[in-house]
Amino acid sequence: MSGDEVLAIDQLSSTVAALSEPWQRDTAVDAFFAKHSLPLVEGSLATFVVRTDADAVYLRHRVNPWPNDLVLKQIPETDVWFLTIELESGSRVEYQFEIVRDGVWRRFNDPHNPRLARSPVGDCSVCYGPGYLVPDWATFHADAAPGRLQELELHSRAQARDNRITVYEPAGFDTSARDPLLIVHDGGDYLGYASMKIILDNLIDAGKLAKIIVAFTYPGERLIEYPDDPDHVRWITYELLPHLEGGFPLLTAPAGRCLMGTSFGAVAALSTAVRFPGTYGSLLLQSGSFLYSNPDVWHGEGSVFDPVVRFIDHYRAHPVRAAERAFISCGGYEDLAEANRAMLPIFRSVAMKINYVESRDGHSWGSWRDQLGPGLCWLFPGDLAP
């Protein structure tokens, strides 16, 4: 944006400053909100705007390069608060407003922004930086042949409970063929928050992704089971894997088996492959909580991260070739970015083939959705893959 261009919010400030009557200022503010989509993205600048009766307003976010406390300014004689900040090209930012009024704090989504990012812990508003687009293959295509989801329940002796599994069969499923298997940790969240069935349907229909069978798994206490828990890895390898290979026409060689997960789920995928080297040929790890004992690297908050740190410390000291290859993605704006980068030379030291992608995003389901296409197609390319 050239220096002589005036931001819309500056025009509003100038307009209301020239008006003497409160009703005139209210009319000007009403017209501004009716005219503009928010946040305002003008060139590389984004202006976050909200109308509220408050003593102070903050922009809450999960973007590491930004200060924790981003304070909005009030346009005098109005209830309008705003903040202008530079966005990187192709970035995606999730945010909320937080206000304080008479000592009471309250956080809420942007009431003038229809874009919402969904997650298991609640929705929040999302701002697209210049050049960012939701991938076309992550949106519903009515003409894409839909795959089929079927629900299974399998008792786990290792975990002493019944486990739910949702199995994806691609369109045109041929029982005489042998297809690769992808086992997904936090499967319900991938289906609910990362549009994974839509993505599978679109990419397979377009010939960019090979036909694969996908087992979406559901944890019990994920923060306990996922950090290198021996009962979990036994459930996956000794119980789930044989059951699926006995019930579906699957490739039974390591090259046809892939483990996948995000955050703690990525730790679970890695630890399962580490405990059973030579069993799984590939990994898809997203924003892995690969935290280790290094004062210069963020390593979690609270005792829940202790077993993760113990596992990663041991793996870094004694790495094994857990799989032949791994697609690893992480948001460059999240606390885990440095820990993910630090794992790359460890993996490569044991001759794992690594494809690492870093997005301009945070620790979010939108970020993980956006990297599913590149990851799946790199691991299991279809006939028409680029």
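Up top is the structure.
Worth saying up front: this structure is predicted, and the values here are computed from it rather than measured.

Analysis parameters
- Residues numbered from 1 in each chain as written.
- Predicted model: local features only at pLDDT ≥ 70, side-chain atom pairs only at ≥ 80, totals over all residues.
- Heavy atoms only, no water.
- Core = buried A, V, L, I, M, F, W, Y, C linked by side-chain atoms within 4.5 Å.
- Buried < 20%, exposed > 50% of the residue type's maximum accessible area, 1.4 Å probe, protein only.
- Helix = DSSP H or I, 4+ residues; strand = E, 2+ residues; numbered from the N terminus.
- Contact = heavy atoms within 4.5 Å.
- Axes fitted to C-alpha atoms, helices over the stretch in contact; angles between N-to-C directions.
- Parallel < 35°, antiparallel > 145°, perpendicular 65-115°, else oblique.
- Left-handed = near helix turned anticlockwise from the far one by under 90°.
- Nonpolar A, V, L, I, M, F, W, Y, C, P; charged D, E, K, R; others polar.
- Polar contact = N/O pair within 3.5 Å; in protein donor to acceptor, adjacent residues only side chain to side chain.
- Salt bridge = Lys/Arg side-chain N within 4 Å of Asp/Glu carboxyl O.

So, the nonpolar core
Here is step 1: One finds Leu270, Leu283, Phe347 and Met352 to be the most contacted residues of the largest nonpolar core, which totals 50 residues.
Here is step 2: In terms of residue count, helix H7 (residues 264-275) provides more of this core than any other element does, eight residues in total.
Here is step 3: Not counting the four nearest positions on each side in its chain, leucine 270 is found in contact with Leu283, Leu285, Phe290, Phe311, Ile312, Ala322, Met343 and Phe347.
Here is step 4: Core analysis: the next-biggest nonpolar cluster, separate from the first, contains 27 residues, Ala138, Leu182, Phe216 and Phe380 among them.

Describing the packing of H7 against helix H8 (residues 306-317)
Here is step 1: Contact pair H7 / H8: the axes reach a minimum separation of 11 Å and the direction vectors enclose 45 degrees. In terms of axis orientation, H7 runs oblique to H8. Here the hand of the crossing between H7 and H8 comes out left-handed. Facing Phe264, Val267, Leu270, Ser271 and Val274 of H7, the residues of H8 in contact are Val308, Phe311, Ile312 and Tyr315.
Here is step 2: Classifying every residue of the contact of H7 with H8 gives eight nonpolar, one polar and no charged.

Some thoughts on the side chain of threonine 237
Here is step 1: Within the secondary structure, threonine 237 is located in helix H6 (residues 230-247).
Here is step 2: Side chain to side chain, threonine 237 and tyrosine 280 meet in a polar contact 2.7 Å long.
Here is step 3: Discounting residues that sit within four places of it in the chain, threonine 237 has contacts with Pro242, Thr272, Phe276, Thr279 and Tyr280.

Some thoughts on the side chain of asparagine 163
Here is step 1: Its place among the elements puts asparagine 163 in strand E12 (residues 161-169).
Here is step 2: Every residue in contact with asparagine 163, bar those within four places of it in the chain, is listed here: Leu152, Glu153, Leu154, Ser156, Tyr218 and Trp235.

Some details on the pattern of salt bridges
Two side chains bearing opposite charge may form a pair once their charged atoms approach each other closely.
Here is step 1: Evaluated as defined, the whole model comprises 23 salt bridges.
Here is step 2: Linking aspartate 361 and arginine 92 is a salt bridge whose minimum nitrogen-to-oxygen distance equals 3.1 Å. Placement of aspartate 361 in the loop between strand E18 (353-359) and helix H10 (365-379) and of arginine 92 in strand E7 (residues 92-101) is noted, with a sequence separation of 269 residues between them.
Here is step 3: A residue is classified by how much of its surface remains accessible, and arginine 92, at 5% relative accessible area, is buried.
Here is step 4: For glutamate 225, the salt bridge identified is with arginine 161, shortest N-O distance 2.7 Å. Of the two residues, glutamate 225 sits in helix H5 (residues 222-225) while arginine 161 sits in strand E12, which places them 64 residues apart along the sequence.
Here is step 5: Looking at glutamate 225, the relative accessible area reads 7%, which means it is buried.
Here is step 6: When its relative accessible area of 23% is taken as the criterion, arginine 161 is described as partly exposed.

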